[in-house]
Amino acid sequence: MPKTIKRLEPDPDVIRVQTLLSANGYFKNRIPEHGIFELITFENVQLFQLQHVDKNGAPLTPDGVVGPKTWWALSHASGEFQKNHFTPTPPQGLTPARSRLIELLLEEHEKPVFEVPDGSNRSKDIDLYWGNSGIRGYPWCCAFVSWALYQILGFYPIQGKHHVGVQAMWQAADKMQMAAVPYQP
C-alpha cells in the first residue's frame, strides 16, 4: 500500500498522485512534474476529495492529505466504484414549477449524463448546459443549474443571465434576496 503523503514533502510518490489527478481531468492549466506537493497539487487533491468516495461509498474528507482512502479513490476514480446509488424521492407539496424542476433534474440524472472522456467536463449533454456562454470544458454544475432553471421557467431568474460560476450565482441570488433560507429541522 502506498504511504501517506502531505503537502510540501518532496517525494517520488507525489508524481504518481499528480499523474493520477491529471489523468482524471485535474490540473487544467499545467501539470506539475517535480514531485513536490505544493499548493496547486494540494488544491487539486482537495477538489478530488470533494468529488469522490472511498471504497465503502463514504465521502472523502477534503483535507488535502493523500492517505489510504484517497489512494484507493485515485485508483478507482470513475465508473461503478464512484457511482451514486441513491434513490431520490421528490418532496411533496412543491409548487408546480418546483415539481417540474425536480422532474427535469431526475430525468437528466436517469439518462445518465457522463463526461466523455471521463474528467473532461465535456459531453453532448454537458455542452448543452453551457447555453450560449461560449464556455466549454470547465466544471459545469452551475451551468447545469442555470440551464435547468431556463428549461422550466423560460428565462434566467438570477440577473436575467446564464450563470457559469457558483459563487457569482450565489452572490447575485443573495443580492436579489433569493438565497436559500438556512435548513430548519
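Keep in mind it's a predicted model, so treat the numbers as computed, not measured. Numbers given for residues are sequential positions, taken from 1 along each chain in its written order. Under the rules for a predicted model, residues below a pLDDT of 70 receive no local features and side-chain atom pairs below 80 are neither given nor counted, while totals for whole chains, interfaces and linings still include all residues. Water and hydrogen atoms were dropped before computing side-chain values, which therefore reflect all heavy atoms in the structure.

1. Observations regarding the overall build of the chain
- A run of H or I in DSSP becomes a helix once it reaches four residues, and a run of E becomes a strand once it reaches two; helices and strands are each numbered from the N terminus. Each helix and strand in the chain was counted, giving 7 helices and 0 strands.
- Secondary structure elements of the chain occur, N-terminal to C-terminal, as α-α-α-α-α-α-α.
- Going through the 185 residues of the chain one by one, you find that 34% of them count as buried.
- The contact definition used throughout considers only heavy atoms, calling two residues in contact when any of these lie within 4.5 Å. The contacts in the chain between residues at least 6 apart in sequence include a share of 37% that link residues at least 24 apart.
- Counting only carbon and sulfur atoms, one obtains 57% of the accessible surface of the chain, whose full area is about 11900 Å². We call a residue buried when its accessible area falls under 20% of the maximum for its residue type, exposed when it is over 50%, and partly exposed in between, using a 1.4 Å probe and counting protein chains only. Note on areas: Shrake-Rupley, 1.4 Å probe, and residue coverage restricted to the protein chains presented here.

2. Details of the nonpolar core
- As used in this record, nonpolar core signifies buried Ala, Val, Leu, Ile, Met, Phe, Trp, Tyr and Cys residues forming a set joined through side-chain atoms within 4.5 Å. Within the largest apolar cluster, 16 residues are counted, with the highest numbers of intra-cluster contacts made by Val17, Leu21, Phe37, Val45, Phe48, Val66 and Leu74.
- Secondary-structure elements contributing two or more residues to this core are helix H1 (12-23), helix H2 (39-50) and helix H3 (68-75).
- Per-element accounting of this core gives the leading share, 4 residues, to H3.
- For leucine 21, the contacting residues outside a window of four places in its chain are Tyr26, Phe27, Thr41, Asn44, Val45, Phe48 and Leu74.
- Val113, Ile126, Tyr129 and Ala148 belong to the second largest nonpolar core, which has 11 residues in total.

3. Concerning a nonpolar patch on the surface
- On the surface, a cluster of nonpolar side chains totalling about 270 Å² of accessible area is made up of Tyr150, Leu153 and Phe155.
- For tyrosine 150, the position within the fold is in helix H6 (residues 141-153). Surface patches are defined over residues having more than 30% relative accessible area and no salt bridge, joining like charges when they lie within 9 Å and nonpolar side chains (Val, Leu, Ile, Met, Phe, Trp, Tyr) when within 5 Å. Salt bridges are identified by distance alone: a Lys or Arg side-chain nitrogen within 4 Å of an Asp or Glu carboxyl oxygen.

4. Observations regarding unusual backbone geometry
- The omega angle of the peptide bond from lysine 111 to proline 112 is -10°, so this bond is cis rather than trans.
- Looking at the secondary structure, you find proline 112 in the loop between helix H4 (96-110) and helix H5 (124-129).
- The residue after valine 116, namely proline 117, is reached through a cis peptide bond having omega -5°.
- Following the sequence through the fold, proline 117 ends up in the loop between H4 and H5.
- Unlike most non-glycine residues, asparagine 121 shows phi in positive territory, near 60°.
- Of note, glutamine 177 is a non-glycine position whose phi angle comes to about 60°, a positive value.
- Mapped onto the fold, glutamine 177 is located in the segment after helix H7 (166-175).
- Using a relative accessible area of 75% as the deciding quantity, one classes glutamine 177 as exposed.

5. Some thoughts on the pattern of salt bridges
- For the structure on display, the rule yields 4 salt bridges.
- One salt bridge connects lysine 111 with glutamate 108, and the closest N-O pair in it is separated by 3.1 Å.
- By relative accessible area, which is 44% here, lysine 111 ends up partly exposed.
- Judged by relative accessible area, glutamate 108 falls into the buried class, the value being 7%.
- For arginine 122, the salt bridge goes to aspartate 127, with nearest N and O atoms at 2.6 Å.
- When salt bridges that share partners are traced, they join Glu108, Lys111 and Asp125 into one network.

6. Quick look at the packing of H1 against H3
- Close contact between H1 and H3 brings their axes to 10 Å; oriented N to C, the two are set at 45°. Of the possible angle classes, the one that applies to H1 and H3 is oblique. Considering how the two elements wind past one another, H1 and H3 form a crossing that is left-handed. Across the interface between the two elements, Asp13, Arg16, Val17, Leu20 and Leu21 from H1 touch Trp71, Leu74 and Ser75 from H3.
- All amino acids are sorted into three groups, where Ala, Val, Leu, Ile, Met, Phe, Trp, Tyr, Cys and Pro are nonpolar, Asp, Glu, Lys and Arg are charged, and the leftover types, Gly among them, are polar. Here the residues of the contact of H1 with H3 are counted per class, giving 5 nonpolar, 1 polar and 2 charged. Here an angle of 0 to 180 degrees is reported between the N-to-C directions of two axes, which are lines fitted to C-alpha atoms, with helices fitted over the stretch in contact. Just so you know how the angles are binned, under 35 degrees is roughly parallel, over 145 roughly antiparallel, 65 to 115 roughly perpendicular, and the rest oblique. Handedness of a crossing is defined here by the sense of rotation of the near helix relative to the far one, left-handed for an anticlockwise turn of less than a right angle and right-handed for a clockwise turn.

Nothing here speaks to function; it is geometry throughout.
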